[in-house]
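# Observations on the model geometry
So you can see what is in the structure, the chains are spelled out below.
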Amino acid sequence: HKGSGAVADAEAGSFVHRPDTWDSMAADYEALAEPFTRQYAQRALELAGNVRPGERVLDVAAGTGALTLAAARAGARVLATDFAPGMVALLANRLRTGGFDRAGCEARVMDGQALDLPDGGFDVAFSIFGVMLFPDHRKGLAELARVLRPGGRAVVAVWTREEGAGPAPILLAAFRALFPARAVPPFPPGMARLKHSEQLAEDMRTAGMRDIRVTTVGGVWTAPSAEWVARNADRLYRHSPLYAALDEEDRRRLREAIRERLSGGGGGEVRIEAPAHVGVGYR
């Protein structure tokens, strides 16, 4: 799931690992994050050689469904899984509304580290910015490999920065400038490790995949203006432990710091480059 990337708090990322964190933001995620992550989902499909009608596709940590819906439109039979019931409910409704449920597509609540699925049942398995956030990303990668048929493809997208991408680095930079004496605890270990392309390839190989190719792809996060980012900070950042832990006065100060930081480049649209690694391997 989760395209904007979350910074871990002192509880070792427990905030990120709670389903209710993501349940509460499902609608905002669809509106604000999915348009950003959709560009990477499309690139992941292309790097996987696309999907064909009738292929069985698994989308792990599917969120609100950027990858799922693109694969469904291509004619694949997609099973989307996520550990957050709110995300799954929203995506299941989108599949029904689009008529994709009648083509065999569905969404289920499931732990990506212990998928309730038999071995070898899928042609392609994706995780777009999901496995990197798991408490144990290696278990997530091993599960992707396990459920693939021999020769099936696994596709994993991760950020190239451990703090994530899009609005997340803006938050971190403003926080550090405003509160220099406050410690920033470690990031989720999967994000800190998999930002290195060679370590992504190594962990995919250890999980049981072969012929791994990692491609660094470009992307851009945009916002209408610095004022818009500051005004929508509660929606953009409430999933971040750094932001959630602040009192209202400190949040106000942080919003102002974000506005000033983004206004430094002049007025108008905010554009932030956001590269990602996409690893493709075979079972």
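See the structure printed just above.
Everything numeric in this text was worked out from a predicted model, so none of it was measured.

Grouped together as the largest cluster of nonpolar side chains are 102 residues, with contacts concentrated most on Phe126 and Trp159. By residue number, the principal contributor to this core is helix H2 (residues 26-47), which donates 10 residues. Excluding residues that lie within four positions of it along the chain, Phe126 makes contacts with Ala44, Leu45, Ala48, Val51, Val57, Leu58, Asp59, Val60, Leu67, Leu144 and Val155.

It is worth spelling out the side chain of Glu143 at this point. Position of Glu143 relative to the elements: it lies in helix H5 (residues 137-146). Each residue touching Glu143, except ones within four places of it in the same chain, is listed here: Gly112, Gln113, Ala114 and Leu115.

Before going further, it helps to examine the packing of helix H6 (residues 168-178) against helix H12 (residues 248-263). At their nearest, the axes of H6 and H12 sit 9 Å apart, and the two run at 110 degrees to each other. Judged by the angle between their axes, H6 and H12 are roughly perpendicular. The hand of the H6/H12 crossing is right-handed. Contacts between H6 and H12 involve Ile170, Leu171, Ala173, Ala174, Phe175, Ala177 and Leu178 on the former and, on the latter, Arg253, Leu254, Ala257, Ile258, Arg261 and Leu262. A per-class count over the contact of H6 with H12 returns 11 nonpolar, no polar and 2 charged.

Here we take up the sheet that holds strand E1 (residues 56-60). Each strand in a sheet pairs with another by means of backbone hydrogen bonds, the pair being arranged parallel or else antiparallel. The strand order across the open sheet formed by 7 strands is E3-E2-E1-E4-E5-E9-E6, and the pairing between neighbours is mixed. Whereas interior strands pair on both sides, the edge strands pair on one side only; in this sheet they are strand E3 (106-109) and strand E6 (210-217). Strand-to-strand twist of the sheet, defined as the mean angle between neighbouring strand axes without regard to direction, takes the value 15 degrees. With 4 bridges connecting them, strand E2 (residues 77-82) and E3 associate as parallel partners. Counterpart to Ala80 in the pairing with E3 is Ala107. Against the sheet, helix H3 (residues 66-73) makes contact with E1, E2 and strand E4 (122-128), and its axis sits at roughly 170 degrees relative to E2, the strand it touches most.

Reading the values: the criteria
Residues numbered from 1 in each chain as written. Predicted model: local features only at pLDDT ≥ 70, side-chain atom pairs only at ≥ 80, totals over all residues. Heavy atoms only, no water. Core = buried A, V, L, I, M, F, W, Y, C linked by side-chain atoms within 4.5 Å. Buried < 20%, exposed > 50% of the residue type's maximum accessible area, 1.4 Å probe, protein only. Helix = DSSP H or I, 4+ residues; strand = E, 2+ residues; numbered from the N terminus. Contact = heavy atoms within 4.5 Å. Axes fitted to C-alpha atoms, helices over the stretch in contact; angles between N-to-C directions. Parallel < 35°, antiparallel > 145°, perpendicular 65-115°, else oblique. Left-handed = near helix turned anticlockwise from the far one by under 90°. Nonpolar A, V, L, I, M, F, W, Y, C, P; charged D, E, K, R; others polar. Pairing = 2+ DSSP bridges.

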